[in-house]
Amino acid sequence: MKKLFFIMSVALAATFAFSSCNSDDEDEAMVLSGEWQGDMGMWYEDEYGDQWDADETYIRLVPDHTYATYGIGYQEDYYRHGPYKYLWYKFYWKVIDGVIYFTYPYDPNLDTEIYDYRLTNDYFKGYYGDSRNRFSLYKISDFYYWTPTVYVESDYYAYQMYTSYSNEYQGTAKSKDFNKAPKIVKRGSHFNEKK
């Protein structure tokens, strides 16, 4: 009987250990899910050699399922100047051990890891990969009706958890095709450039 109790205790402890590791990523993914607005350092170069910097970026991060730590992302970069008013991207995101990964299937040069950042329910700021260029995004809507209030200051991940609040998700992103504009020969982000 003692042996059975010991085995059950070890199994229960292991279950709590694994669930607590995953719950940090789940909480962070819940906070990330939704729509963000700000500067991601995006740009494009046209066939005439002109480079145009985005004035603002909107991203929408949709979890694959409830409490998923990964999902699909939609991004629109808006340009005040240049032949294209905005460019649209689809990408995939995931959170693993506090590191946030963005993977762009049609533009792999934009793929990045985000591990030096600050994330709260209101803002997401930091650096992409090994670059020292900053990005700065502000939350405009949540995916979940409630999200855990979280403050993450990560230079390899330190978590501080607080209470929760409620905020309804609502979509705002739109897309439009532009014809007769110069061909885009290169796109990128200043955040993936080494300093």
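For clarity, every value in this text was computed on a predicted model and none was experimentally measured.

### A few points about the packing of aromatic side chains
Okay, so step 1: For the structure shown, the criterion picks out 15 aromatic pairs.
Okay, so step 2: Taking the centre distance of 4.9 Å and the plane angle of 35° together, the rings of Tyr 128 and Phe 135 count as tilted. Of the two residues, Tyr 128 and Phe 135, neither departs from the other in class, the shared state being buried.
Okay, so step 3: For the ring pair Phe 143 and Tyr 144, a centre distance of 5.2 Å and an interplane angle of 85° mean the geometry is edge-to-face.
Okay, so step 4: For Tyr 144, a relative accessible area of 9% gives the class buried.
Okay, so step 5: Linked through ring pairs, Trp 36, Tyr 89, Phe 91, Phe 102, Tyr 104, Tyr 117, Phe 124, Tyr 128 and Phe 135 together constitute an aromatic cluster.
Okay, so step 6: It is Lys 125 that lies over the ring of Tyr 123; its NZ or CZ is 5.0 Å from the centre.

### Quick notes on the pattern of salt bridges
Pairs can form between side chains of opposite charge once their charged atoms are near each other.
Okay, so step 1: Under the defined criterion, the tally for this structure stands at two salt bridges.
Okay, so step 2: The closest approach of N and O atoms between Arg 60 and Glu 35, which form a salt bridge, is 3.8 Å. Here Arg 60 is found in strand β4 (residues 56-63), whereas its partner Glu 35 is found in strand β1 (residues 34-39), with 25 residues between them in sequence.
Okay, so step 3: Taking the relative accessible area as the measure of exposure, Arg 60 reaches 24% and is therefore partly exposed.
Okay, so step 4: Across the pair Lys 139 and Asp 142 runs a salt bridge whose closest N-O atoms are separated by 2.5 Å.
Okay, so step 5: Its relative accessible area of 15% is what places Lys 139 among the buried residues.
Okay, so step 6: Accessibility expressed as a relative area gives 0% for Asp 142, which makes it buried.

Rules behind the numbers
- Residues numbered from 1 in each chain as written.
- Predicted model: local features only at pLDDT ≥ 70, side-chain atom pairs only at ≥ 80, totals over all residues.
- Heavy atoms only, no water.
- Phe/Tyr/Trp six-rings, centres within 6.5 Å; stacked < 30°, edge-to-face > 60°.
- Buried < 20%, exposed > 50% of the residue type's maximum accessible area, 1.4 Å probe, protein only.
- Lys NZ or Arg CZ within 6 Å of the ring centre and 35° of its normal.
- Salt bridge = Lys/Arg side-chain N within 4 Å of Asp/Glu carboxyl O.
- Helix = DSSP H or I, 4+ residues; strand = E, 2+ residues; numbered from the N terminus.

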